[in-house]
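# Coordinate analysis (summary)
Each chain, letter by letter, is given below.
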Amino acid sequence: MTLNTSMGEINRESIRAMRLSYSQAALNESDIVSDPIAQFVKWLGEASENILVVEPNAMVLATNSGEFPTSRSVLLKDVSEVGFTFFTNYLSRKAEAISKNPKISLLFPWYPMERQVIILGSAEKVSAEESDEYFATRPWASQIGAIASAQSSVLESREALEEKYLRFVEKFPKGSKVPRPEYWGGYLVRPVSIEFWQGRYSRLHDRLRYSRSTPDRPDWSVTRLNP
Ligand SMILES: Cc1cc2nc3c(=O)[nH]c(=O)nc-3n(C[C@H](O)[C@H](O)[C@H](O)COP(=O)(O)O)c2cc1C
């Protein structure tokens, strides 16, 4: 199959030729700190300072509750010694998957830095107070959007969504306090494995994986994996 674009042809040959050599950095055992969360924060800081990394806090959340694993991007909204927090709709497909199987994966794809971080852990809902506190900091339009969207359920049309949005705009005009709907809130992911990947020459990448037996033990150990 061949498709002509303004940049040339897209076909099997051109797709196969899409490759980069990785050479920006190395990741050595002597470079990392013993706490993987601190190491993650260091890399997040570097990603946030790199203008080529769009949305450094965007991560791919993968869940596996049945026949197909599913994945989607979400935004990291907190990181602490306990774990990683994101916010979403508690009636969404991802929330249903987490209720069936809380074991999830998070992946930060920092391609412009030839880096990725892959986290395995267990997701649990954060407290209502924490969700309230974060919801209150969101821009008004995002608050209304969260109320108006029955995330992941079938929508009959774009117009139906916009009508619903406008109904909530009337109910909660700009400047008024928008209450957090109970079907919207956060998840905390307590990690058991955090892998740092740095692209290297000849596909001899560096992969350092921290793992521990359970989310509540501080017994992290580091192993190097084949690329
Ligand atoms: C960069 C980016 C960030 C996103 N952040 C969030 C988020 O923080 N929370 C959320 O619920 N959806 C977010 N989304 C939308 C999700 O990817 C997804 O479409 C939605 O949550 C429904 O997923 P589900 O049907 O698997 O539950 C984001 C999408 C992108 C591309």
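Everything below is about the structure printed above this text.
Below, the structure is looked at part by part. If you're wondering where the values come from, they're calculated on a predicted model, not measured in any experiment.

Rules and cut-offs
- Residues numbered from 1 in each chain as written.
- Predicted model: local features only at pLDDT ≥ 70, side-chain atom pairs only at ≥ 80, totals over all residues.
- Helix = DSSP H or I, 4+ residues; strand = E, 2+ residues; numbered from the N terminus.
- Buried ≥ 20, exposed ≤ 12 C-beta atoms within 10 Å, placed from the backbone.
- Core = buried A, V, L, I, M, F, W, Y, C linked by C-beta atoms within 7 Å.
- Contact = placed C-beta atoms within 7 Å.
- Pairing = 2+ DSSP bridges.

### What to know about unusual backbone geometry
Working note: non-glycine residues mostly have negative phi, and peptide bonds are mostly trans. The phi dihedral of E114 falls on the positive side, at around 55°, and the residue is not glycine. Structurally, E114 can be placed in the loop between β6 (103-110) and β7 (115-125). With phi around 55°, S202 is a residue other than glycine that occupies positive phi space. We classify S202 as exposed; it has 8 C-beta atoms within 10 Å.

### Some points on the nonpolar core
Formed by 33 residues in total, the largest nonpolar core has its most connected members in L106, V117 and V189. Top element by residues in this core is strand β8 (residues 184-198). It accounts for seven residues. Excluding its chain neighbours within four sequence positions, the residues that come into contact with V189 are G83, F84, I104, L106, I119, G121, S122 and A123.

### Comments concerning the pairing of strand β4 (residues 69-79)
Bridge analysis of strand β3 (residues 58-64) against β4 gives seven bridges, and the strand direction is antiparallel. If you follow A62 over to β4, its bridge partner there is S71. The antiparallel hairpin formed by β3 and β4 contains four residues in its connecting segment. The pairing of β4 with strand β5 (residues 84-89) spans three bridges and is classified as antiparallel. By the bridge assignment for β5, L76 is matched with F86. Turn length for the β4-β5 hairpin, with the two strands adjacent in sequence and antiparallel, is four residues.

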